[in-house]
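# Coordinate inspection notes
Spelled out, the chains give:
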Amino acid sequence: MKMNVTFRTACVLLGILSTSACHAENNTKKLEKNIENSVSLQQLEQDYQIKNIAQFDEPWAFQQLPDGRFLFTEKKGQIVIFNPATQQKITVQNPPKVAYGGQGGLGDIVLDPQFSQNGLIYLSYAEAGKGGYGAVIERAQLDLTAAQPSLKQRKIIWQQVPKVEGQGHYSHRMRFGTDGKLWVSSGERQKFDPAQDMQSNLGKVLRLNSDGTPAVDNPFQTQGPIAQQVWSLGHRNPLGLAFDSKQQLWVVEMGPKGGDELNLVHRAKNYGYPIVSNGDHYDDKPIPDHHTRPEFEAPLVSWTPVISPSSLMFYQGDRFPQWKNKALIGGLSSQAIVIVDTELKPVQEIQRIAMPQRIRGLIEAKDGSIWGIEDGEKAWLFNIEPKIAIKK
């Protein structure tokens, strides 16, 4: 099934133009400038076509293997290898036991930077234990030599501290940096205050060695073994974690009632949650906005109404010229792919692709195409390609 969907930033642009037009007599130059900006934004939009490929049961994350196949996690605990050329699915044996429920289950998956040599992968998932639930990261060797692939030498190398009741805001996204360090986004588990507590790694962005130990040059070395993991704090539910073309780390995170955020992650900085937010609590109790507390890092983009971000990637290929080096954000409640130009001043959304379902994740394949997964049961894996103009 193929879908050709086009989203224009017309509502934003028309708002700019109509506001200027109301005062056209006195603001001719301003109107001309706004028209110029409108054309500029429209030129940034990329044409595309989307094709559904195969369905999965509650997929949460996926990566492309060196041989071109995809490696999926499904929330209930399955790991699946999928060949897009043949449509063959193979279930990986010996997966971890996960605490499935709420937002918990099997989560992210990344390949070791030396995967072609060592076969190591990293999995994040929710587990039950003393005090309730928490995310863990497990390292394992993916054995592809047998007819039935399996995980071997499994070892938990990191865990959220403390485990708490409830099954939300695990976040547990992972990325390897060019420095070989494992970066982890750890949600505050809907408990608010741990995001500011340096004896907890909840509500933080962490920088670890590949064995799960804290990197020795992290900023909080003198505040105890948990704080030694921390790179930044004051985060809520950072479900997207990615490096841009300059190797700067960004997170996109869900706000409370309003105030989803895109943040550039800086060493030792505090992003303010739950002390500040551009949203409010779900019971409508107000939270002071970021501008009231300048000592905290403010988001470079904030969304109200929310987009409910699920994931983040930066497109590095050449097949979508207008998206090169742009951030692509998967949207859950917004049912959208949101494209943001992080090099503009100020940073801003430049395009939004309306999708038929909630979007859980996006990756760039080796050929420069973009692949995505929907959220939920019978969720589609889909492929995004540049739209080819039909010659008349």
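Heads up: these notes are all about the structure in this document. (Residues numbered from 1 in each chain as written. Predicted model: local features only at pLDDT ≥ 70, side-chain atom pairs only at ≥ 80, totals over all residues. Heavy atoms only, no water.)

## Describing the overall build of the chain
Counting its secondary structure elements, the chain contains three helices and 25 strands. Across the 392 residues of the chain, 55% fall into the buried class. Long-range contacts, defined as pairs at least 24 residues apart, comprise 57% of the intrachain contacts of the chain with a sequence gap of at least 6. Accessible surface for the chain amounts to roughly 17,300 Å². Of this, 51% is attributable to carbon and sulfur atoms. (Helix = DSSP H or I, 4+ residues; strand = E, 2+ residues; numbered from the N terminus. Buried < 20%, exposed > 50% of the residue type's maximum accessible area, 1.4 Å probe, protein only. Contact = heavy atoms within 4.5 Å. Areas by Shrake-Rupley, 256 points an atom, 1.4 Å probe, with all protein chains shown as cover.)

## So, the pattern of salt bridges
As enumerated under the stated definition, the model contains 18 salt bridges in all. The partner of E58 in a salt bridge is K76, with the nearest N and O atoms 4.0 Å apart. Here E58, found in the loop between β2 (49-56) and β3 (59-64), pairs with K76, found in the loop between β4 (70-74) and β5 (79-83); they are 18 residues apart in sequence, far enough to count as distant. Connected through salt bridges with shared partners, the residues D57, E58 and K76 form a single ionic network. (Salt bridge = Lys/Arg side-chain N within 4 Å of Asp/Glu carboxyl O.)

## Regarding the pairing of strand β12 (residues 182-186)
Within β12, five of the five residues are buried, which leaves it mostly tucked inside the rest of the structure. Along β12, one buried face is formed by L182, V184 and S186 and the opposite face, lined by W183 and S185, is buried too. Two elements, strand β11 (residues 171-176) and β12, share five bridges in a ladder whose sense is antiparallel. What sits directly across from R175, in β12, is W183. Where β11 hands over to β12, the hairpin turn is made up of five residues, of which G180 adopts a positive phi near 80°. When β12 meets strand β13 (residues 204-208), the two strands line up antiparallel, connected through five bridges. The residue of β13 that forms the bridge with S185 is V205. (Pairing = 2+ DSSP bridges.)

## Quick look at the nonpolar core
In terms of nonpolar packing, the biggest core is built from 23 residues, with L71, I121, L142 and L151 touching the most fellow members. Core analysis: the second largest hydrophobic core is formed by 20 residues, Y122, I137, L182 and L233 among them. (Core = buried A, V, L, I, M, F, W, Y, C linked by side-chain atoms within 4.5 Å.)

## Focus: the layout of surface pockets
The rolling of a water-molecule-sized probe over the atoms marks out the regions of remaining empty space. Of the voids in this model, the largest pocket is the one considered here, and its volume is about 840 Å³. Looking at the largest pocket, it is lined by 26 residues, and the ones nearest its centre are Q63, R175, F176, I363 and E364. Broken down by secondary-structure element, the contributors of at least two residues to the lining of the largest pocket are β3, β7 (106-111), α3 (115-118), β11, β15 (237-243), β19 (309-314) and β23 (359-364). Classifying every residue of the lining of the largest pocket by side-chain character gives 15 nonpolar, seven polar and four charged. For the second largest pocket, the calculated volume is near 420 Å³. Lining the second largest pocket are 26 residues, with Q103, M254, L332, R358 and R360 sitting closest to its centre. Listed by contribution, the elements that provide at least two residues to the lining of the second largest pocket are β3 and β15. Residues belonging to the lining of the second largest pocket are distributed by class as follows: nine nonpolar, ten polar and seven charged. (1 Å grid on protein atoms, 1.4 Å probe; cavity = no way out; pocket = protein on both sides within 12 Å on 5 of 7 lines; lining within 4 Å. Points joined across faces, edges and corners; volume = space filled by probe spheres on them. Nonpolar A, V, L, I, M, F, W, Y, C, P; charged D, E, K, R; others polar.)

## With respect to the pairing of strand β24 (residues 370-374)
Among the five residues that make up β24, five are buried, leaving the element largely enclosed by the rest of the structure. Note that β23 and β24 share five bridges and pair antiparallel. Pairing of I363 across the sheet is with W371, part of β24. Linking β23 to β24, which pair antiparallel, is a turn of five residues; within it G368 sits at a positive phi near 85°.

## Structural notes on the sheet that holds strand β17 (residues 260-264)
Each strand in a sheet pairs with its neighbour through backbone hydrogen bonds, running either in the same direction (parallel) or in the opposite one (antiparallel). Taking strand neighbours across the sheet as the criterion, the four strands line up as β15-β16-β17-β18 in an open arrangement whose pairing is antiparallel. This sheet does not close on itself; its edge strands, each paired only once, are β15 and β18 (301-303). Within this sheet the neighbouring strands show an average axis-to-axis angle of 15°, counted without direction. Of the pairings in the sheet, the one linking β17 to β18 comprises three bridges and is antiparallel in character. (Axes fitted to C-alpha atoms, helices over the stretch in contact; angles between N-to-C directions.)

## Comments concerning empty space enclosed by the protein
Tallied over the entire structure, the rule returns two cavities of 30 Å³ or more. One number sums up the size of the largest cavity: a volume of about 70 Å³. Looking at the largest cavity, the residues that line it are W60, A61, F62, Q63, D108, R173, R175, S311, G361, L362 and I363. Mapped by element, the contributors of at least two residues to the lining of the largest cavity are β3, β11 and β23. Residue contributions to the lining of the largest cavity peak at four residues, all from β3. Along the lines of polarity and charge, the residues of the lining of the largest cavity split into five nonpolar, three polar and three charged. The computed volume of the second largest cavity comes to approximately 50 Å³. As for the second largest cavity, its lining consists of G234, H235, R236, E253, M254, G255, P256, G259, E261, Y271, Y273 and S277. Along the lines of polarity and charge, the residues of the lining of the second largest cavity split into four nonpolar, five polar and three charged.

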